[in-house]
Amino acid sequence: MAIDRLMANLDLNLLITLDTLLRERNVTRTADHLGVSQPAVSGALARLRRHFDDPLLTRVGNRYELTALAARVAALTGPAIAGVRRVFETTAEFDPSRLDREFTLVISDYAATVLAPLVAREIGRLAPGVRLRLEQTTPYAVDHAADTLRAADGLIIPHGFVTDLPYLDLFEDRWVCIVSHDHPSVGDTLTLDQLGTLPWVAIFDRPTAFAPAARQLRMLGIEARVDVVVDGFAQMPFLVAGTRRVALIQERLARQLAPVTGVRILDCPFEVVPVAEAFWWNPMYRNDPAHAWLRTLIVAAAAPLRHQSG
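Residues numbered from 1 in each chain as written. Predicted model: local features only at pLDDT ≥ 70, side-chain atom pairs only at ≥ 80, totals over all residues. Heavy atoms only, no water.

The name an unreviewed UniProt entry assigns to the chain is LysR family transcriptional regulator, from the organism Actinoplanes palleronii. Under the UniProt heading Sequence similarities (unreviewed entry), the entry covering the chain gives this text: "Belongs to the LysR transcriptional regulatory family." (UniProt positions renumbered as here; feature names shortened; annotations may be inferred.)

The structure is reproduced here in structure tokens:
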């Protein structure tokens, strides 16, 4: 078999640096992320520029942008790193207790609060060498899920936002409304009229980024008067307490936070489709035994949430 001269002379460490540089678009942040010096990253960038005969990063104002070539390369580095990892992690028998690997999950603060502790507990029990990295989901990460999952091991979000990717169902939860414990005009129940007049705390509040329950509200002809926009559900009770505001939130999270924030939990005055959380993943991991173990573990960790009401 002919020797692949390019591969024979390639330093695989450059692949890790390249992937991080193209994501961070900054030498200093890349160095911090990799735990190396800035001169080392600058030297690697110079080698990569010579290899590709392309600057890869170009300054635009006070920031760096990817060149057209770098944008194409960025779509390939994640799968390439995953492929290299699978090669060198292959063993005759898979043993999670011997696994030395970091798994990255892109996850909402809601799922990070109610599910991630269960997942982390099981990982600690079965695979002490595994590191779990949780990254807060964003509208961009969800809208570009396929790209997100080239660099992450999984995306935990509800159904309704991602298509054409493999997934595993995890658990369901109810949507509830929260108001301040001492709200001056809300008693034991809420009405649709009140939802249309009270100020709201809303998640993201963008055309493709909001709670599905809020979309149902709009279908009923009620347009929420948004007072505060947040990027996480866990912030909502703190911004509702002591005000006239109202918010839609998952019941499990509401029950955890209500005692420490001073809010009341009320049923929604309309029939709400439950939130159905799922684990989305890249099909390139289909035959990766470590990733298959992770998928099985997450589903098993979510079992207590499936077997109890919100």
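Having seen the structure, we can now continue with the description.
A.B. asks: Please explain the nonpolar core as it appears in this structure.
C.D. replies: Generally speaking, nonpolar side chains in soluble globular proteins are found buried as a group. Grouped together as the largest cluster of nonpolar side chains are 62 residues, with contacts concentrated most on Leu-115, Leu-190, Met-236 and Trp-293. Sequence-distant contacts of Leu-190, defined by excluding residues within four places in its chain, comprise Cys-177, Val-179, Leu-195, Leu-198, Val-246, Leu-266 and Pro-269. Leu-14, Leu-18, Leu-22 and Ala-31 belong to the second largest nonpolar core, which has 14 residues in total. (Core = buried A, V, L, I, M, F, W, Y, C linked by side-chain atoms within 4.5 Å. Buried < 20%, exposed > 50% of the residue type's maximum accessible area, 1.4 Å probe, protein only. Contact = heavy atoms within 4.5 Å.)

A.B. asks: Would you mind showing me how to read the packing of aromatic side chains here?
C.D. replies: Any aromatic ring pair is given by two values, namely how distant the centres are and how the planes are angled relative to each other. Throughout the structure, instances matching the rule amount to four aromatic pairs. With a centroid separation of 6.4 Å and an interplanar angle of 35°, the aromatic rings of Phe-103 and Trp-293 are classed as tilted. With a gap of 190 residues between them, Phe-103 in strand β3 (residues 101-107) and Trp-293 in helix α14 (residues 289-301) connect regions that are remote in the sequence. Overall, Phe-103 belongs to the buried group, its relative accessible area being 0%. Judged by its relative accessible area of 13%, Trp-293 falls in the buried class. Ring geometry for Tyr-110 versus Phe-171: centroids 6.3 Å apart, planes at 55°, classification tilted. With a gap of 61 residues between them, Tyr-110 in helix α6 (residues 109-114) and Phe-171 in strand β6 (residues 167-173) connect regions that are remote in the sequence. Residue classification places Phe-171 among the buried positions, given a relative accessible area of 4%. The positively charged end of Arg-295 is found above the aromatic ring belonging to Trp-281, 3.9 Å away from the centroid. (Phe/Tyr/Trp six-rings, centres within 6.5 Å; stacked < 30°, edge-to-face > 60°. Helix = DSSP H or I, 4+ residues; strand = E, 2+ residues; numbered from the N terminus. Lys NZ or Arg CZ within 6 Å of the ring centre and 35° of its normal.)

A.B. asks: Quick question: what am I supposed to make of the environment of Asp-109 here?
C.D. replies: Inspection of the secondary structure assignment puts Asp-109 in helix α6. Residue Asp-109 is classed as buried on the basis of its relative accessible area, which comes to 14%. C-alpha separation for the pair Asp-109 and Phe-233, spaced 124 residues apart in sequence, amounts to 6.5 Å. Aside from chain neighbours lying at most four places away, what touches Asp-109 is Gln-136, Gly-232, Phe-233, Ala-234 and Gln-235. One polar contact links the side chain of Asp-109 to the main-chain amide nitrogen of Ala-234, over a distance of 2.7 Å. (Polar contact = N/O pair within 3.5 Å; in protein donor to acceptor, adjacent residues only side chain to side chain.)

A.B. asks: Can you walk me through the sheet that holds β3 in this structure?
C.D. replies: Sheet strands pair via backbone hydrogen bonds, and the direction of the pair is either parallel or antiparallel. Taken together, the five strands give an open sheet; going across it, the order is β4-β3-β5-β12-β6, and neighbouring strands pair in mixed fashion. Of all strands in the sheet, those bounded by a partner on one side alone are β4 (130-136) and β6. Ignoring strand direction, the axes of neighbouring strands in this sheet form an average angle of 20°. Across four bridges, strand β5 (residues 154-158) lies against strand β12 (residues 275-280) in antiparallel orientation. Among the inter-strand pairings, Leu-155 is bridged to a residue of β12, identified as Trp-280. Across the face of the sheet, helix α7 (residues 116-126) comes into contact with β3 and β4 while running at roughly 165° to β4. Strands β3, β4, β6 and β12 of the sheet are contacted by α14, whose axis makes an angle of about 50° with β3. (Pairing = 2+ DSSP bridges. Axes fitted to C-alpha atoms, helices over the stretch in contact; angles between N-to-C directions.)

A.B. asks: Got a minute to help me understand the confidence of the model for the chain in this structure?
C.D. replies: The predicted structure's coordinates, where accompanied by low pLDDT, should not be read in detail. Mean pLDDT over the chain works out to 87, with 90% of the residues at or above the 70 mark. Put simply, helix α1 (residues 5-8) is where the chain has its lowest mean pLDDT, 54, and α7 is where it has its highest, 97. (pLDDT = per-residue confidence, 0-100.)

A.B. asks: Any chance you could explain helix α13 (residues 251-261) here in plain terms?
C.D. replies: The α-helix winds at 3.6 residues per turn, so residues separated by three or four positions along the chain end up facing the same way. If you check which residues of α13 are buried, you get Glu-251, Arg-252, Leu-253, Ala-254, Leu-257, Ala-258 and Thr-261. With its phi angle positive at about 80°, Gly-262 sits one or two positions after the end of α13.

A.B. asks: Looking at this model, I keep getting lost on α7. Mind explaining?
C.D. replies: Turning to α7, its buried residues are Ala-116, Leu-118, Val-119 and Ile-123. Buried residues in α7, looked at end-on, bunch into an arc of 160°, giving them a common side. The outward face of α7, more than 90 degrees from its buried face, is lined by the exposed residues Arg-121 and Arg-125. (Arc of directions from axis to C-beta.)

A.B. asks: How should I be thinking about the side chain of Thr-137 in this particular structure?
C.D. replies: Residue position: Thr-137 is located in the loop between β4 and α8 (139-143). Judged by relative accessible area, Thr-137 falls into the buried class, the value being 8%.

A.B. asks: I keep staring at the state of the cysteines and nothing clicks. Help me out?
C.D. replies: Covalent bonding between the sulfur atoms of two cysteines defines a disulfide. Summed over all chains, the structure comprises zero disulfides. Here Cys-268 is not cross-linked by a disulfide; its sulfur's nearest cysteine counterpart is in Cys-177, at 3.6 Å. (Disulfide = S-S within 2.5 Å.)

A.B. asks: Just checking my understanding: could you explain the pattern of salt bridges for this structure?
C.D. replies: Working definition: two side chains of opposite charge can pair if their charged atoms are close together. All told, the structure shown has 15 salt bridges when counted by the stated rule. The partner of Arg-29 in a salt bridge is Glu-24, with the nearest N and O atoms 3.2 Å apart. Overall, Arg-29 belongs to the partly exposed group, its relative accessible area being 42%. Measuring nitrogen to oxygen at the nearest pair gives 2.0 Å for the salt bridge that ties Arg-150 to Asp-147. One end of the pair, Arg-150, and the other, Asp-147, are both in helix α9 (residues 145-151), three residues apart, so they sit about a helical turn from each other. Under the relative-accessibility criterion, Asp-147 is labelled partly exposed at 42%. In this structure, a network of salt bridges that share partners links the residues Arg-174, Glu-251, Arg-255 and Asp-267. (Salt bridge = Lys/Arg side-chain N within 4 Å of Asp/Glu carboxyl O.)

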